[in-house]
Structure formats: C-alpha cells, structure tokens
Amino acid sequence: LRAARRPSVIYMPFQECTGCLESLTRSFAPSLESLIFDTISLDYNHTLQAAAGHAAEEARLEAMEENWGEYILIVDGSIPTKLNGMYGVSESHTFMEQLEQTAEGAAAIVAVGVCAAYGGVGAAYPNPTGAVGVADLIKNKPVINVPGCPPIPEVMTGTLVSFLANGVPDLDAHLRPRAFFGNTIHDRCYRRRFYDRGLFAKSFDDEGARNGWCLYELGCRGPTTYNACATIKWNGGAGWPVESGHGCIGCSEPGFWDQGGFYEPV
Ligand code: SF4
Ligand code: SF4
Ligand code: F3S
C-alpha cells in the first residue's frame, strides 16, 4: 500500500532576507524535519530544494496541478508593486504575477514574517518598490498572518499544524492567530511587576537595568505589541529580547520599522 499523501506546501520567498526561513529551521516542536518528513510535503522552496531554475519552477507547477485547491501557500517577504512589480522578477514573471498565480489554487496562504504580512522593511519609508503584504493583493483566499521579524519558529510551525488539523484559526483584526497573538508582550512580561511599581531602567547599564527593572523608558514597545515571545520565548525557550536586557521593538505589528524610533518612549 502506498503511504497516504501528505498535504502539499509551496513556500515562496519574495522581497525577503531569508531570516524567516532561518527561524523556521530552528523550530523545536514540531521540528522542521519532523514537519517535512511526517506531516507535510514541502514541494517548493528556493532555498532548501536541490533543484534550481526551470527544474524548480516545474516542481512548483507540478505540485500546483496535482494539489489544485488543496495546497498551502507559505509566503515570506513583501511584494513590490511599483512599475507593475518590476522590482521583483523570477523566471520572467514578477513576484506579483507569481503570487497571484500560485494563490489561485491554494486552500489558504500563510504569510510568515512582518514583510509578507504588512510590508515590513521593504515598505519602510520611502518604500521605493511599493512593497505590500500578501493580504493587500490577495482578497479571495484565506490569509493567515504570522508576523515577527522573524516570527517565533514554533508560532510558524504551530500555525501550520493548527491549520492542517482544524482549518483557519481564530484571527485578530490583523489576521494573526489569536492563540499566539492574543496578548501583548507587556501582558505576560516578567518585568511587569517593576512597571506596576514605577521602577524603570533609565539606561542600559544603570542600576535599574542591572536589577532587571522595566525597560519602558528605554523604548520598550511591549505594551502595544502582540506576540508570544514572553511565553513561548526563543531558541527552544532559552530566552527572549526583554530577558536579554533589550526592550521589545514591536516587530510583529503593522508599520514595523516606521512606527516611531526604536529608542524613543512609546
Ligand atoms: Fe527578513 Fe524580518 Fe522580513 Fe522575515 S520579516 S524576511 S526576517 S526582514
Ligand atoms: Fe512591559 Fe516592556 Fe516593561 Fe516588560 S519591559 S513590563 S514589556 S514595558
Ligand atoms: Fe519582536 Fe518584541 Fe518579540 S521585538 S521578537 S515581538 S519581544
């Protein structure tokens, strides 16, 4: 008997830095390996696949044809729209065309990273390429945003597994799964007790910083940032930005990069 076919996943990188994929490869539970070998069939990914050029594109078209209406499209990176999308071209097609073509047969699209979700660094002022996120272009398919720069690995794999098990999860107004983005960093931060008592570090090396006081006055954006860093953490639970002594810079919010300076109070 042939083993049951695993759900097809097509992963398309556009205007990105590979940081999101780097992050995904660090997922502990489930690991990327277990995901690829046991749960999904990763049928296209520029960076991980052995094929290149025409052979790679043929693999994508073949996966689309065989799994039309059922495959999951993962996108990372923003999509340039100025000059009819000419800032991003692959295989003689603009990223806009490739996204629209591949989205057509997808069951859903998972936009990983703040670039794919909302434009991210590519869309930062003056946004020379007219960069936008997936949901700005694709209106006829479910889009699940998993923002962050990059996103937490387990939030990406968890969202994927959740979609495979139960379909589109409960999303917030910015299309983020509430299971991972339902609370602010500030809601769950272990330094919150210092915030509530008005104890703030005034510089990165003063006594307050050494005592682990709240980083709000050093520009922490935890109060306005929705993400799971304070609970799931990074590197398999080893730590997260605020635990390392730096405030949250709001990397999972729309407008990340332009939304104020990193080191100014919110
Ligand atoms: Fe790179 Fe951040 Fe954009 Fe991901 S979200 S592609 S890590 S700049
Ligand atoms: Fe809130 Fe940031 Fe202070 Fe933590 S360090 S309590 S997230 S302001
Ligand atoms: Fe990003 Fe803030 Fe977490 S900057 S990594 S959402 S602590």
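These numbers were taken from a predicted model, which means no experiment stands behind them.

Definitions and cut-offs
- Counting restarts for each chain: residues are numbered from 1 in the order of the written sequence.
- Starting at A for chains and at 1 for ligands, labels are handed out in the order in which the entities are written.
- Local features in this predicted model are restricted to residues whose pLDDT is 70 or higher, and side-chain atom pairs enter the listing and the counts only when it is 80 or higher, whereas totals over whole chains, interfaces and linings include all residues.
- As a rule, any residue with its backbone-derived C-beta atom within 6 Å of a molecule or strand is reported as near that molecule or strand.
- Any residue outside Ala, Val, Leu, Ile, Met, Phe, Trp, Tyr, Cys, Pro, Asp, Glu, Lys and Arg is labelled polar, Gly included; the first ten of those are nonpolar and the last four are charged.
- Helical segments are the DSSP runs of H or I of at least four residues, strand segments are the runs of E of at least two, and each set is numbered from the N terminus.
- Partly exposed residues are those whose C-beta has more than 12 but fewer than 20 other C-beta atoms within 10 Å; with 20 or more the residue is buried, with 12 or fewer it is exposed, and the C-beta atoms are placed from the backbone.
- Each residue after the first adds 1.5 Å to the expected span of a helix.
- Any pair of residues counts as being in contact when their C-beta atoms, constructed from backbone geometry, are within 7 Å of one another.
- UniProt positions are given in the numbering used here, feature names are shortened, and annotations may be inferred rather than shown by experiment.
- Note on pairing: two strands pair once DSSP finds at least 2 bridges between them.

## Some words on the site of ligand 3
Here is step 1 of the chain: Near ligand 3 lie 13 residues; those nearest to it are Asn227, Cys229, Pro241, Cys248 and Cys251.
Here is step 2 of the chain: Across the shell around ligand 3, the residue classes break down as 8 nonpolar, 5 polar and no charged.

## Looking at unusual backbone geometry
Here is step 1 of the chain: In this model, Ala29 is joined to Pro30 through a cis peptide bond whose omega is -5 degrees.
Here is step 2 of the chain: Positionally, Pro30 belongs in the loop between helix 1 (19-24) and helix 2 (32-39).
Here is step 3 of the chain: The step from Tyr125 to Pro126 runs through a cis peptide bond, and the omega angle for that step is 5 degrees.
Here is step 4 of the chain: As for its placement among the helices and strands, Pro126 is situated in the loop between helix 6 (113-118) and strand 8 (131-132).
Here is step 5 of the chain: Of note in the backbone geometry, Leu83 takes a positive phi value of approximately 50 degrees without being a glycine.
Here is step 6 of the chain: For Leu83, a count of 10 C-beta atoms within 10 Å corresponds to the exposed category.
Here is step 7 of the chain: In this structure, Ser92 takes a positive phi of about 65 degrees despite not being glycine.
Here is step 8 of the chain: Summarising the element assignment, Ser92 is placed in the loop between strand 5 (89-90) and strand 6 (93-94).

## Remarks on helix 8 (residues 153-166)
Here is step 1 of the chain: With 14 residues, helix 8 should cover 20 Å at 1.5 Å per step; its first-to-last C-alpha distance of 20 Å lies within 8% of that length.
Here is step 2 of the chain: Taken residue by residue, helix 8 has Pro153, Glu154, Val155, Met156, Thr157, Gly158, Thr159 and Leu160 as its buried positions.
Here is step 3 of the chain: Lining the buried residues of helix 8 we find helix 1, helix 2, strand 7 (106-112), strand 9 (143-146), helix 9 (178-181) and helix 13 (229-232).
Here is step 4 of the chain: Phi for Gly167, located one or two positions after helix 8, is positive at around 80 degrees.

## Comments concerning the UniProt feature "binding site: [4Fe-4S] cluster 2" (unreviewed entry) in the protein chain
Here is step 1 of the chain: Under the present numbering, the feature "binding site: [4Fe-4S] cluster 2" (unreviewed entry) in UniProt falls on His186, Cys189, Cys214 and Cys220. Considering the C-alpha atoms alone, the annotated residues occupy 35 residues of sequence yet fold into one spot, their largest mutual distance being 11.3 Å.
Here is step 2 of the chain: With respect to the helices and strands, the residue Cys189 is situated in the loop between helix 10 (185-188) and helix 11 (192-196).
Here is step 3 of the chain: Exposure remark for Cys189: the 26 C-beta atoms within 10 Å place this residue in the buried category.
Here is step 4 of the chain: Residues within four places of Cys189 in sequence aside, it is in contact with Gly222, Ala230 and Val242.
Here is step 5 of the chain: With respect to the element layout, Cys214 can be found in the loop between helix 12 (207-210) and helix 13.
Here is step 6 of the chain: Looking at Cys214, the number of C-beta atoms within 10 Å reads 24, which means it is buried.
Here is step 7 of the chain: Apart from residues no more than four positions distant in its own chain, Cys214 is found in contact with Arg191, Phe194, Tyr195, Leu199, Phe200 and Ala201.

## Thoughts on the pairing of strand 7
Here is step 1 of the chain: In terms of burial, strand 7 is a largely internal element, 5 of the 7 residues being buried.
Here is step 2 of the chain: Two elements, strand 3 (residues 71-76) and strand 7, share 6 bridges in a ladder whose sense is parallel. Along strand 7, the bridge assignment pairs Val75 with Ala111.
Here is step 3 of the chain: As paired elements, strand 7 and strand 9 share 4 bridges and run parallel to each other. Directly across from Ile109, in strand 9, lies its bridge partner Val143.

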